[in-house]
Amino acid sequence: MKRIAVYPGTFDPVTHGHLDLADRGRRHFDHLVMAILRNEDKEPLFTVQERVELLREAVKGWDNVDVESFDGLLVDYARRIKASVILRGIRALSDFEYEMQMAMMNRRLEPDLEAVFLLPSEEYSFVSSRLVREVAALGGSVEDLVPPNVVTALAKRLGERRS
Ligand code: PNS
């Protein structure tokens, strides 16, 4: 049976940290689905469709990785795509509490779905989408932190917002 993992997130925007984690994860599963939550509550910088496109472009060389979006409960989505594992990253101890709460809630909802946590490369252990948005908005360089298509998209979106 094919082992399918789902790597859910907001990915607003995708960073090298996310990609590092996906690259590690995809080596351990037959198929990895990076799944972007369609969340009406948050006010994202990029629309879901834009985030899907940016992420698809960033992973296009990886043939066992797909990018999709989902809404509703993650466990229901995972069941629909026949994933047996939820993949998430832990950058630092500060991530742990949030991740553990989500993992325990997901386990309560779907005991057969296993959470697997990987550590990103230490060079990305401080990188978050929120900080990337903030630094880029204030004119700092994020070229080492996100893929080139995201650098371009950030410049365009932040330029639009300024004008
Ligand atoms: O990148 P993020 O914002 O930390 O990702 C959070 C995400 C998308 C993994 C989480 O919000 C999620 O799984 N939402 C789906 C709704 C859900 O299933 N909630 C209950 C279980 S915690």
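Definitions and limits used
- Residues numbered from 1 in each chain as written.
- Predicted model: local features only at pLDDT ≥ 70, side-chain atom pairs only at ≥ 80, totals over all residues.
- Heavy atoms only, no water.
- Helix = DSSP H or I, 4+ residues; strand = E, 2+ residues; numbered from the N terminus.
- Rg over C-alpha atoms; globule rule 2.2 N^0.38 Å.
- Buried < 20%, exposed > 50% of the residue type's maximum accessible area, 1.4 Å probe, protein only.
- Contact = heavy atoms within 4.5 Å.
- Areas by Shrake-Rupley, 256 points an atom, 1.4 Å probe, with all protein chains shown as cover.
- Lys, Arg positive; Asp, Glu negative; His and termini not counted.
- Charge placed at Lys NZ, Arg CZ, Asp CG, Glu CD.
- Pairing = 2+ DSSP bridges.
- Axes fitted to C-alpha atoms, helices over the stretch in contact; angles between N-to-C directions.
- Salt bridge = Lys/Arg side-chain N within 4 Å of Asp/Glu carboxyl O.
- Patch = residues over 30% accessible without salt bridge, like charges linked within 9 Å, V, L, I, M, F, W, Y side chains within 5 Å.
- Core = buried A, V, L, I, M, F, W, Y, C linked by side-chain atoms within 4.5 Å.

A. How the structure looks around the overall build of the protein chain. Regarding its fold elements, the protein chain presents 6 helices and 5 strands. Rg of the C-alpha trace for the protein chain: 16 Å, near the compact-globule value of 15 Å for 163 residues, within the 12% margin. Referenced to the eigenvectors of the C-alpha coordinate spread, the extents of the protein chain come out at roughly 50 × 30 × 30 Å. Residue burial in the protein chain is summarised as follows: out of 163 residues, 45% are buried. In the protein chain, the share of contacts with a sequence separation of at least 24, taken over all contacts with a separation of at least 6, comes to 76%. In the form shown here, the protein chain has an accessible surface area of approximately 9600 Å², with 52% of it arising from carbon and sulfur atoms. If you average the places of the 23 positive and of the 27 negative side-chain charges in the protein chain, the two averages end up 2 Å apart.

B. View of the sheet that holds strand β2 (residues 31-37). Strand order in the open sheet formed by 5 strands is β3-β2-β1-β4-β5, and the pairing between neighbours is parallel. Of all strands in the sheet, those with a lone pairing partner are β3 (65-70) and β5 (114-118), marking the two edges. Adjacent strand axes in the sheet meet at a mean angle of 30°, parallel and antiparallel pairs treated alike. One ladder, built from 6 bridges, connects strand β1 (residues 4-9) with β2; its direction is parallel. Paired with alanine 5 across the bridge in β2 is leucine 32. The strands touched by helix α2 (residues 48-58) are β2 and β3; relative to β2, the strand with the most contacts, the crossing angle is about 150°.

C. Expanded view of the side chain of histidine 31. Positionally, histidine 31 belongs in strand β2. Once you skip the residues sitting within four places of it in the chain, histidine 31 turns out to touch Arg3, Ile4, Ala5, Asn64 and Asp66.

D. Inspection of the pattern of salt bridges at higher detail. This structure, assessed with the given rule, holds 17 salt bridges. Here aspartate 20 makes a salt bridge to arginine 24, at a shortest N to O gap of 2.8 Å. Highlighted residues: aspartate 20 and arginine 24, both in helix α1 (residues 16-26), separated by 4 residues, approximately one helical turn. According to the relative accessible area criterion, aspartate 20 is buried, its value standing at 15%. Arginine 24 sits in the partly exposed class, given a relative accessible area of 34%. Between aspartate 95 and arginine 91 there is a salt bridge; the shortest N-O distance is 2.9 Å. When salt bridges with common partners are traced through the structure, they connect Glu50, Lys156, Arg157 and Glu160 into a single cluster.

E. Broad picture of a nonpolar patch on the surface. A surface patch of nonpolar side chains, about 430 Å² in accessible area, is lined by Leu93, Phe96, Met100 and Met104. By the element assignment, methionine 100 lies in helix α4 (residues 93-109). Methionine 100 sits in the partly exposed class, given a relative accessible area of 38%.

F. Quick look at unusual backbone geometry. Across the junction of aspartate 12 and proline 13, the peptide omega takes the value 5°, indicating a cis bond. Relative to the helices and strands, proline 13 resides in the loop between β1 and α1. Positive phi outside glycine occurs at phenylalanine 11, with the angle close to 50°. Mapped onto the fold, phenylalanine 11 is located in the loop between β1 and α1. Relative accessible area serves as the criterion here: at 3%, phenylalanine 11 is assigned to the buried category. Unusually for a residue other than glycine, lysine 82 sits at a positive phi of about 65°. Within the fold, lysine 82 resides in the loop between α3 (74-80) and β4 (85-89).

G. Here's a closer look at the nonpolar core. Counting 34 residues, the largest nonpolar core has Tyr7, Met34, Leu55, Val59 and Leu154 as the members making the most contacts within it. Put simply, the parts of the chain that give this core at least two residues each are β1, α1, β2, α2, β3, β4, α5 (129-137) and α6 (148-162). In this structure, tyrosine 7 is in contact with His18, Leu21, Ala22, Leu32, Val33, Met34, Ala35 and Leu87, ignoring residues within four places of it in sequence.

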